[in-house]
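Close look at the chain arrangement
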Amino acid sequence: MKPTLAHLVAAGAGPTRARIFIDAIGKVAERFAIDSPARIAAWLAQLSVESGGFVHLEENLRYRRPERLRDIFPSSVRGLEDAARLIAAGPKAIANRVYADRMGNGNEASGDGWRFRGRGLIQLTGRNNYSDAAVELGEPYIDDPGLVATPPHAALTAGWYWHTAKGNALADSAQIDSITRAIDWLAKGLRSTKLRRSNPNRPNWATPRRRIDFAEWQRRSNRAVSALPRSAAQDRRNPTFAI
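Heads up: these notes are all about the structure in this document. Source: prediction; values computed, not measured.

**A word on the overall build of the protein chain**
Broken down by element type, the protein chain carries 14 helices and zero strands. When burial is assessed residue by residue, the protein chain has 54% of its 243 residues classed as buried. Entry remark: accessible area of the protein chain is about 10,800 Å², with carbon and sulfur atoms responsible for 51%.

**Examining the packing of helix H2 (residues 15-31) against helix H3 (residues 37-51)**
Taken N-terminus to C-terminus, the directions of H2 and H3 make an angle of 130°; their axes are 12 Å apart at the nearest point. Compared by their axis directions, H2 and H3 come out oblique. Viewed along their axes, H2 and H3 form a crossing whose handedness is right-handed. Here Ile 25, Val 28 and Ala 29 of H2 come into contact with H3, specifically with Trp 43, Leu 44 and Leu 47. Class assignment for the residues of the contact of H2 with H3 results in six nonpolar, no polar and no charged.

**So, the packing of aromatic side chains**
Tallied over the entire structure, the rule returns five aromatic pairs. Taking the centre distance of 6.5 Å and the plane angle of 75° together, the rings of Tyr 63 and Phe 73 count as edge-to-face. Here Tyr 63, found in the loop between H3 and helix H4 (66-72), pairs with Phe 73, found in the loop between H4 and helix H5 (79-89); they are ten residues apart in sequence, far enough to count as distant. Taking relative accessible area as the criterion, Tyr 63 reaches 10% and is therefore assigned buried. Their ring planes at 90° and their centres at 6.0 Å tell us that Phe 73 and Tyr 99 sit as a pair that is edge-to-face.

**Here's the deal with the environment of Leu 44**
Positionally, Leu 44 belongs in helix H3. Along the sequence, Leu 44 and Ala 10 sit 34 residues apart, while their C-alpha atoms lie 9.2 Å from each other. The contact partners of Leu 44, leaving out residues within four places of it in the chain, are Pro 3, His 7, Leu 8, Ala 11, Ile 25 and Phe 54.

**Considerations on the environment of His 56**
Mapped onto the secondary structure, His 56 falls in the loop between H3 and H4. Counting along the chain gives 64 residues from His 56 to Gly 120, while the straight-line C-alpha distance between them is 7.9 Å.

**Regarding the nonpolar core**
Core analysis: the largest hydrophobic core is formed by 40 residues, its most contacted members being Ile 25, Trp 43, Phe 54 and Leu 121. When near neighbours in sequence (up to four residues on either side) are disregarded, Phe 54 contacts Leu 8, Ala 13, Arg 17, Phe 21, Ile 25, Leu 44, Leu 47, Ser 48 and Leu 121. In terms of nonpolar packing, the next biggest core, distinct from the first, is built from 13 residues, Leu 61, Ala 83, Leu 86 and Val 98 among them.

**A closer look at unusual backbone geometry**
Phi is positive for Ala 33, which is not a glycine, with a value near 55°. If you trace the backbone, Ala 33 turns up in the loop between H2 and H3. Notably, Phe 54 is not glycine yet its phi reads approximately 65°, a positive angle. Relative to the helices and strands, Phe 54 is located in the loop between H3 and H4. When its relative accessible area of 0% is taken as the criterion, Phe 54 is described as buried.

**Remarks on the pattern of salt bridges**
Taken as a whole, this structure holds nine salt bridges when the rule is applied. The partner of Glu 58 in a salt bridge is Arg 117, with the nearest N and O atoms 2.7 Å apart. Note that Glu 58 is positioned in the loop between H3 and H4 and Arg 117 in the loop between helix H7 (112-115) and helix H8 (127-137), a separation of 59 residues in sequence. Assessed through its relative accessible area of 8%, Arg 117 is described here as buried. As a salt-bridge pair, Asp 112 and Arg 127 come within 3.2 Å of each other at their nearest N and O atoms. On the criterion of sequence distance, the pair formed by Asp 112 in helix H7 and Arg 127 in helix H8 is long-range, its members being 15 residues apart. Looking at Asp 112, the relative accessible area reads 5%, which means it is buried.

**Quick notes on empty space enclosed by the protein**
Using the criterion set out here, one finds two cavities of 30 Å³ or more in the structure. There is about 40 Å³ of room inside the second largest cavity. Looking at the second largest cavity, the residues that line it are Arg 119, Gly 120, Leu 121, Ile 122, Gln 123, Leu 124, Ala 154, Thr 157, Ala 158 and Tyr 161. Across the lining of the second largest cavity, the residue classes tally to six nonpolar, three polar and one charged.

Reading the values: the criteria
- Residues numbered from 1 in each chain as written.
- Predicted model: local features only at pLDDT ≥ 70, side-chain atom pairs only at ≥ 80, totals over all residues.
- Heavy atoms only, no water.
- Helix = DSSP H or I, 4+ residues; strand = E, 2+ residues; numbered from the N terminus.
- Buried < 20%, exposed > 50% of the residue type's maximum accessible area, 1.4 Å probe, protein only.
- Areas by Shrake-Rupley, 256 points an atom, 1.4 Å probe, with all protein chains shown as cover.
- Axes fitted to C-alpha atoms, helices over the stretch in contact; angles between N-to-C directions.
- Parallel < 35°, antiparallel > 145°, perpendicular 65-115°, else oblique.
- Left-handed = near helix turned anticlockwise from the far one by under 90°.
- Contact = heavy atoms within 4.5 Å.
- Nonpolar A, V, L, I, M, F, W, Y, C, P; charged D, E, K, R; others polar.
- Phe/Tyr/Trp six-rings, centres within 6.5 Å; stacked < 30°, edge-to-face > 60°.
- Core = buried A, V, L, I, M, F, W, Y, C linked by side-chain atoms within 4.5 Å.
- Salt bridge = Lys/Arg side-chain N within 4 Å of Asp/Glu carboxyl O.
- 1 Å grid on protein atoms, 1.4 Å probe; cavity = no way out; pocket = protein on both sides within 12 Å on 5 of 7 lines; lining within 4 Å.
- Points joined across faces, edges and corners; volume = space filled by probe spheres on them.

Here it is in structure tokens:
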């Protein structure tokens, strides 16, 4: 089984975005054996929520409120005055500060934070992740990290990331929440996920990696599975989708 346009639209992609991504999504799904109703629905729902319906392929670091920046990165931002200075300096300064000396990045002056900011459908972030993806996929992501923000490579790195997080096995056993935990842990740990759960009214795209919201994940995964053939959608060996 391969993902179709109907699956992408059901998961939350607009028709135009679905057509842009369908070929790449199909190739990546085949490469990483994302080939069952549970796997397809879980993967597409995760990608859709992370990317705002397959729209956002690059991390939004355009903060407007110092309080927000400080709250999201309390270990990197030294109070409200520091946050205000970073916001005035722009997204590049923010990335270089908050991602310095993390995930394989160099210090703030190295520029690695901005160079290896979140990109792609699952927001690949940090030199280590870009390097691992480059080596395992045979792509020049260290020399040209911007590739990850193009649809073919956004899909490819999302498939690789899903595979690295053992997403297929988790989808097969209906461990919905564990999928998000695994992906968040690989990227930056669970801090922002915990922040979201402590404040369920927070806008869905507010955190740097657009952390997934469980209820939204479930809605999109059920829409995706509803687009599958009737026999597959009714397969009760996949209790993930039994609401």
